[in-house]
Amino acid sequence: MIRLWIVVFALTLASWLVLKVIRKPINLFLVFGFWVVAIWGTMGLIYGISVLLAQNSPI
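Residues numbered from 1 in each chain as written. Predicted model: local features only at pLDDT ≥ 70, side-chain atom pairs only at ≥ 80, totals over all residues. Heavy atoms only, no water.

(A) Region of the structure containing the overall build of the protein chain. On a plain count of helices and strands, the protein chain comes out with 2 helices and 0 strands. At 16 Å, the protein chain has a C-alpha radius of gyration far larger than the 10 Å of a compact globule built from 59 residues. Projected onto the principal axes, the alpha-carbon positions of the protein chain cover approximately 55 × 20 × 15 Å. If you sum the accessible surface of the protein chain, you get close to 5,100 Å²; carbon and sulfur atoms cover 78% of it. (Helix = DSSP H or I, 4+ residues; strand = E, 2+ residues; numbered from the N terminus. Rg over C-alpha atoms; globule rule 2.2 N^0.38 Å. Areas by Shrake-Rupley, 256 points an atom, 1.4 Å probe, with all protein chains shown as cover.)

See below:
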C-alpha cells in the first residue's frame, strides 16, 4: 500500500513538472487528484471485473 502512494506521488511530481515545462501550469493538488482517481479507479474496475468473473465461474 505504501508503494502505491509513493508511485502516486512520483507520478504527480513528474506530471506537474512536465506541465510546468510546457507552460501549462496546473495546481499540484489537481494533478495529484487525477492520479489518485486514475489509479484507484482502475484498481476498483479490475477488482469488480474479477469478482464478476469469479461469481460466474463453473468451479
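(B) Main features of the packing of helix H1 (residues 2–21) against helix H2 (residues 28–55). Interhelical geometry of H1 versus H2 gives an angle of 135 degrees and a closest axis separation of 9 Å. The pairing of H1 with H2 is recorded here as oblique in orientation. In this structure, H1 crosses over H2, and the sense of that crossing is right-handed. Along the contact surface, H1 presents Leu 4, Trp 5, Val 8, Phe 9, Leu 11, Thr 12, Ser 15, Trp 16 and Leu 19, while H2 presents Leu 28, Val 31, Phe 32, Trp 35, Val 36, Ile 39, Trp 40 and Met 43. For the contact of H1 with H2, the residue count by class is 15 nonpolar, 2 polar and no charged. (Axes fitted to C-alpha atoms, helices over the stretch in contact; angles between N-to-C directions. Parallel < 35°, antiparallel > 145°, perpendicular 65-115°, else oblique. Left-handed = near helix turned anticlockwise from the far one by under 90°. Contact = heavy atoms within 4.5 Å. Nonpolar A, V, L, I, M, F, W, Y, C, P; charged D, E, K, R; others polar.)

(C) Quick peek at H1. For H1, built from 20 residues, the straight-helix expectation of 28 Å at 1.5 Å per residue is met to within 8% by its first-to-last C-alpha distance of 29 Å. When we look at burial in H1, the residues that qualify are Leu 4, Val 8, Thr 12 and Ser 15. Down the axis of H1, the smallest arc covering the buried residues is 80 degrees, so these residues share one side. Among the exposed residues of H1, those oriented more than 90 degrees off its buried face are Ile 2, Arg 3, Ile 6, Val 18, Lys 20 and Val 21. In this structure, the buried residues of H1 make contact with H2. Positive backbone phi, approximately 60 degrees, marks Arg 23, located one or two places after H1. (Expected span 1.5 Å × (residues − 1). Buried < 20%, exposed > 50% of the residue type's maximum accessible area, 1.4 Å probe, protein only. Arc of directions from axis to C-beta.)

(D) Structural context of the packing of aromatic side chains. Throughout the structure, instances matching the rule amount to 5 aromatic pairs. A centroid spacing of 6.3 Å and a plane angle of 25 degrees characterise the contact between Trp 5 and Phe 32, whose relative ring orientation is stacked. Of this pair, Trp 5 sits in helix H1 while Phe 32 sits in helix H2, and the two are 27 residues apart along the sequence. For Trp 5, a relative accessible area of 29% gives the class partly exposed. (Phe/Tyr/Trp six-rings, centres within 6.5 Å; stacked < 30°, edge-to-face > 60°.)

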